[in-house]
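Chains, contacts and geometry: an overview
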Amino acid sequence: MARQILMPLFLLSLAGNVLAVLLDPSWWAIPALLVGWYAADLASGLVHMYMDYRPCPAGKGLDALYFYPGSRESEAYKLLWRERMSKVGPLDRLVYDFKNHHPRPNALGRRDLWRLIGSTVILAALPVSLLLNATAYAGLLPGWAAAGGLALIVGGAFAQYFHGSLHRERNPWIVTALRRCRLLMTPAAHQLHHDTLQRDFATNCGWSNPLVNRLFLALRRRGMLDDSGLEPGA
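The text that follows walks through the structure, step by step, so that each part is easy to find.

Each value, and the rule that gives it
- Residues numbered from 1 in each chain as written.
- Predicted model: local features only at pLDDT ≥ 70, side-chain atom pairs only at ≥ 80, totals over all residues.
- Heavy atoms only, no water.
- Helix = DSSP H or I, 4+ residues; strand = E, 2+ residues; numbered from the N terminus.
- Expected span 1.5 Å × (residues − 1).
- Contact = heavy atoms within 4.5 Å.
- Salt bridge = Lys/Arg side-chain N within 4 Å of Asp/Glu carboxyl O.
- Buried < 20%, exposed > 50% of the residue type's maximum accessible area, 1.4 Å probe, protein only.
- Phe/Tyr/Trp six-rings, centres within 6.5 Å; stacked < 30°, edge-to-face > 60°.
- Lys NZ or Arg CZ within 6 Å of the ring centre and 35° of its normal.

**Remarks on helix α1 (residues 2-23)**
The terminal C-alpha atoms of α1, which comprises 22 residues, lie 31 Å apart, in line with the 32 Å expected from a rise of 1.5 Å per residue. The elements touched by buried residues of α1 are α7 (113-137) and α8 (143-157).

This is how it looks when you write it as structure tokens:
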């Protein structure tokens, strides 16, 4: 039910923000869009880094799912998944999903749109987009600022979908077009992350990776982001 109501509402809100930008045109909208897109990429990198290294809760048996030896399409696995996931909250489910896609990255590309972005839309993107609607139409926000906010909302909301597209052979034409314009990164660029799990955490365009990489190294030098957090324990 949430999907049928919230997704159309989110898309309608985005359309309202596009209209707000068009009703108050400015050349400043172009750099604002780029800044917003960079900010969304930075957010994707910081969230990815945190999720990768945040330990899964102990004592929940998530290791049995992660290291499951049989088919993940089997009823036995699906039953085990439902039983173990019932023991953890929404955040820890997301944390597990980030870790689980490292040894089996193509699984992320097979997930549908709502599973990839639903939690982000509910918790952040939709409320912020509605707030942007209100401030823009109340005359409290110029069109160029609304453009930056719109880019941030779209890039943030669809970050995990863009991530999934990096692990999928066939994508909509818009993804291919954005890659050609270098507004989305390529699978080859993202593979640098999977090679070590210690760099290039951003999953949108990758513009923020140099900054996120420096932050990662600084935290590692301080004893944080230990490798033990990369896989769930017993």
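Here the narrative resumes, following the displayed structure.
**Here's the deal with the pattern of salt bridges**
Taken as a whole, this structure holds 8 salt bridges when the rule is applied. A salt bridge links Arg-84 to Glu-83; the nearest nitrogen and oxygen atoms lie 2.6 Å apart. Judged by relative accessible area, which is 18%, Arg-84 ranks as buried. Using a relative accessible area of 31% as the deciding quantity, one classes Glu-83 as partly exposed. The partner of Asp-200 in a salt bridge is Arg-199, with the nearest N and O atoms 3.1 Å apart. We classify Asp-200 as buried; its relative accessible area is 7%.

**Concerning the environment of Ala-64**
For Ala-64, the position within the fold is in helix α3 (residues 62-66). Ala-64 gets classed as partly exposed once you look at its relative accessible area, which sits at 30%. Note: C-alpha distance between Ala-64 and Leu-219 (155 residues apart in sequence) is 30 Å. In this view, Ala-64 contacts Leu-80 and Arg-84; residues no more than four positions away in its chain are not counted.

**Remarks on the packing of aromatic side chains**
Taken as a whole and assessed by the stated rule, the structure comprises 9 aromatic pairs. A centroid spacing of 5.6 Å and a plane angle of 55° characterise the contact between Tyr-53 and Phe-216, whose relative ring orientation is tilted. Highlighted residues: Tyr-53 in helix α2 (residues 29-53) and Phe-216 in helix α12 (residues 209-221), separated in sequence by 163 residues. A relative accessible area of 0% places Phe-216 in the buried class. The lysine or arginine in question, Arg-104, covers the ring of Tyr-66, its NZ or CZ lying 5.6 Å from the ring centre.

None of the figures reported here should be taken as evidence of function without further support.
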